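Chain by chain, the residues run as shown.
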Amino acid sequence: MARYGMALDYKNCINCKACEVACKEENGVELGAEKHRIWVGGNNPEGAWPLLDMASASFLPSQCQQCEDAPCEEVCPTHATYYDENGVVRVDADKCILCSYCMNACPYDARYVDERTMTIDKCTFCSDTRLARGEMTTACQATCPTKVRTFGDLDDPESEISELLRTRDHFSLKAHLGTKPKLFYLT
Amino acid sequence: MNFIKKIIPMRDFTLKSLMTFEKTPLNILMFILTVGLLGAFGWGVVEYLMHSHEAYNVTRQHPWGLLIAMYIFFVVSSTGLCIVGSLGDVFGFKDYMAMSKRAILGSIVTILAGFAVIAFEIGHPITMLIYNVLSPGLTSAIWWMGTLYGIYLTFMIIEFIFLMRNDMKNARIFGLTGLLVGLAAHSNLGGVFGFLNARTISNGVFYPTYFILTAFITGIYLTYLMYGFRYKMNFPEEIKKGLIGLAKIQTLLLAILMFFETWKMMTGIYGGMPGRADVVEHILHSGGFVYGEVLCGMLIPFIIMLTTKWKSLNLYVYASFIGMIGIFFMRYDLVHDTQVKPLQMMKITEYQLPPKWIEYFPSAAEFAIGFGAIGIFFMLYYFGQKMFDLDGGDH
């Protein structure tokens, strides 16, 4: 039993989108721009050509925040969305009625319809694939060329993520909503 | 058939008599309209069965569309007719006694039309029936709403049976219980939107209360339309008194609704809170809100009723038709406005601008199923009129 989370050193992100590709490949995510478990958000650089401020173009990798108080879990009418033994927010395809309430309730736009299983899919921290095989990294982490992502057990004081969160300042997205995300952005 | 007649008194009818009606221009128009809408519904269902949700224009950012709006439209109508029906048989207001049977039948057929729509919006309706019982999500407003509406429909049917048997004591008991369950279900439907912490435009107490208020308003509009059609504008005295009373209540309710809406918009825009104030501004500049909700749904019927001092019943039937157009826009807008602000404000694919507003326009299949369900309402109501004596009720 663990309490999995992820730290993101987002300022190192170069927007290569290798994480998006690795996620789709590893987890068999459908093709198409709308079908993604993880994504890299970006701002256009400020200013006008040729005086563009390239430093202002920042990138923010994101995905399901694996909230401890997940709104998508609260609103699910059939408990299709649930916390597994590692605190990962998962979907039970047998129970999902495809009402889309979780899509509307998620503040992070992290859920989408998988047309093959006809369920609302989301990031599972590779629980069905890499973690199930005994590996201890997610696909997005393993492929990242600039080591943006660090995945691990938040309850283990010796883990790399715990060390990072002890020693680096960090913030969470939309923390004011009280969802208690387990994705931490290092500053 | 005799067994059913023992439970609920019915007129004698044959399949031929059910299909026969007086060939007036209005009746023929309604017949063509009903058949056309039912045909559209059927086509929409076939499209959905062949293409699943791909037949709809809903997206990741806008997962709820016209079908959710039409479901709300129908269940709001049902709750409203239940309230109007309860005025006589539950609360004992004599002027409204004669309306109870027709209003309660209306509340049953409108919610059935709503269920017909939602069956093709929910991806797995059978799974819903199973796991709503086996694995109930008690923190979910959708679970409460769906479950309570199921119980509500049962009570409405039982109330209708007792009304038809002229057993007013039992009709009152089941009517009151059904009304309370219906109000709880309906405010939970408002809660489905009110509980969305991430959507600041909808989050809060407004929708659960607004839904009850607009349900009553919708019920009165529909009562006018049903009686306008039934009596072809020549209202008998026992109905006139009730309709005049309903017009007075409607004027008051519309005034309260305009007051509520004004304050919702003012508190929404005040302080310029991002994600709320900009959405309110967006709403205030949309045609659906200005021409649909405000003009058709509220102002025109309000001004007509106020200026004619509740005497021009025929005019109120037309005002109610305009009002129902406004009610449709209220339902459509509340679904769309809830989702219009993107939750993800950064661009996530190259060669695009960051999203500003989420665009949505229903697909042909959504229009066909959503509006086609009005045909289901017309058909069920027509058969109800033919099978039951809905006029005797002044107890």
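Since this is a predicted model, take the numbers as computed values, not measurements. Starting from 1, residues in each chain are numbered consecutively following that chain's sequence as written. Note on labels: chains are lettered from A, ligands numbered from 1, in written order. Only residues with pLDDT of 70 or above have their local features reported here, since the model is predicted, and side-chain atom pairs are shown and tallied only from 80 upward, although totals for entire chains, interfaces and linings are computed over all residues.

Asks: With reference to specific residues and values, describe the overall build of chain A.
Replies: The number of helices and strands found in chain A is five helices and ten strands. Atoms counted for the radius of gyration: C-alpha only. Globule rule: 2.2 Å times the number of residues to the power 0.38. For a compact globule of 187 residues, the expected C-alpha radius of gyration is about 16 Å, and chain A comes in at 17 Å, within 12% of that figure. Based on the C-alpha atoms only, the size of chain A along its principal axes is roughly 55 × 40 × 35 Å. Counting across all 187 residues of chain A, residues that qualify as buried make up 44%. For chain A, the share of sequence-separated contacts (at least 6 apart) that also reach a separation of at least 24 residues comes to 57%. Each helix is a run of H or I in the DSSP string that is no shorter than four residues. Each strand is a run of E no shorter than two, and both are numbered from the N terminus. The exposure label follows from counting other C-beta atoms within 10 Å of a residue's C-beta, where the C-beta atoms are placed from the backbone and the thresholds are 20 or more for buried and 12 or fewer for exposed, leaving partly exposed in between. Contact between two residues is assigned when their C-beta atoms, built from the backbone, lie within 7 Å.

Asks: Break down unusual backbone geometry for me, citing the residues and quoting the values.
Replies: Residues and elements named next belong to chain A. Cis rather than trans, the peptide bond between W49 and P50 has omega equal to 5°. Examined against the element boundaries, P50 turns out to sit in the loop between β2 (38–42) and β3 (59–63). Phi is positive for H79, which is not a glycine, with a value near 60°. If you trace the backbone, H79 turns up in the loop between α2 (71–75) and β4 (81–83). The backbone of L98 shows a phi angle near 60°, a positive value even though the residue is not glycine. The exposure class assigned to L98 is buried, which follows from the 24 C-beta atoms found within 10 Å.

Asks: Please give an account of the interface of chain A and chain B that cites residues and values.
Replies: Contact residues are listed per partner, giving 33 residues for chain A and 31 residues for chain B. When contributions to the side of chain A that touches chain B are tallied by element, the ones reaching two or more residues are β2, α2, α3 (101–105) and β6 (112–114) of chain A. For this classification, the nonpolar set comprises Ala, Val, Leu, Ile, Met, Phe, Trp, Tyr, Cys and Pro, the charged set comprises Asp, Glu, Lys and Arg, and every other residue, Gly included, is treated as polar. For the side of chain A that touches chain B, the per-class residue count stands at 22 nonpolar, seven polar and four charged.

Asks: Break down helix α4 (residues 66–89) of chain B for me, citing the residues and quoting the values.
Replies: A rise of 1.5 Å per residue sets the reference length of α4 of chain B, with its 24 residues, at 34 Å; its end C-alpha atoms lie 35 Å apart and thus fit the reference within 8%. Most of α4 of chain B sits inside the fold, with 24 of its 24 residues counted as buried. Here a helix's expected span is defined as the number of its residues, less one, multiplied by 1.5 Å.

Asks: Break down the sheet that holds strand β9 (residues 170–171) of chain A for me, citing the residues and quoting the values.
Replies: Residues and elements named next belong to chain A. The mixed open sheet is built from four strands, whose spatial order is β8-β1-β10-β9. Of all strands in the sheet, those with a lone pairing partner are β8 (149–153) and β9, marking the two edges. Criterion used throughout: strands pair if DSSP finds at least two bridges between them. Inspection of the sheet shows β9 paired to strand β10 (residues 183–186) by two bridges, in the antiparallel sense. For F171, the partnering residue across the bridge sits in β10 and is Y185.

Asks: Describe the domain arrangement of chain B, naming the residues involved and giving the relevant values.
Replies: Frequently, the measure chosen for interface size is the accessible area removed from exposure when the parts meet. All names here are of chain B. Delimitation of the domains relies on an automatic or database domain assignment. Domains assigned within chain B are domain 1 (23–57 + 364–382) and domain 2 (58–342 + 356–360). Placing the centre of domain 1 and that of domain 2 at their C-alpha centroids yields a distance of 21 Å. Between domain 1 and domain 2, the residue contacts involve 14 residues of the former and 16 residues of the latter. Those elements giving two or more residues to the side of domain 1 that touches domain 2 turn out to be α3 (25–51) and α14 (364–387). Take the side of domain 1 that touches domain 2: its biggest share by element is nine residues, from α14.

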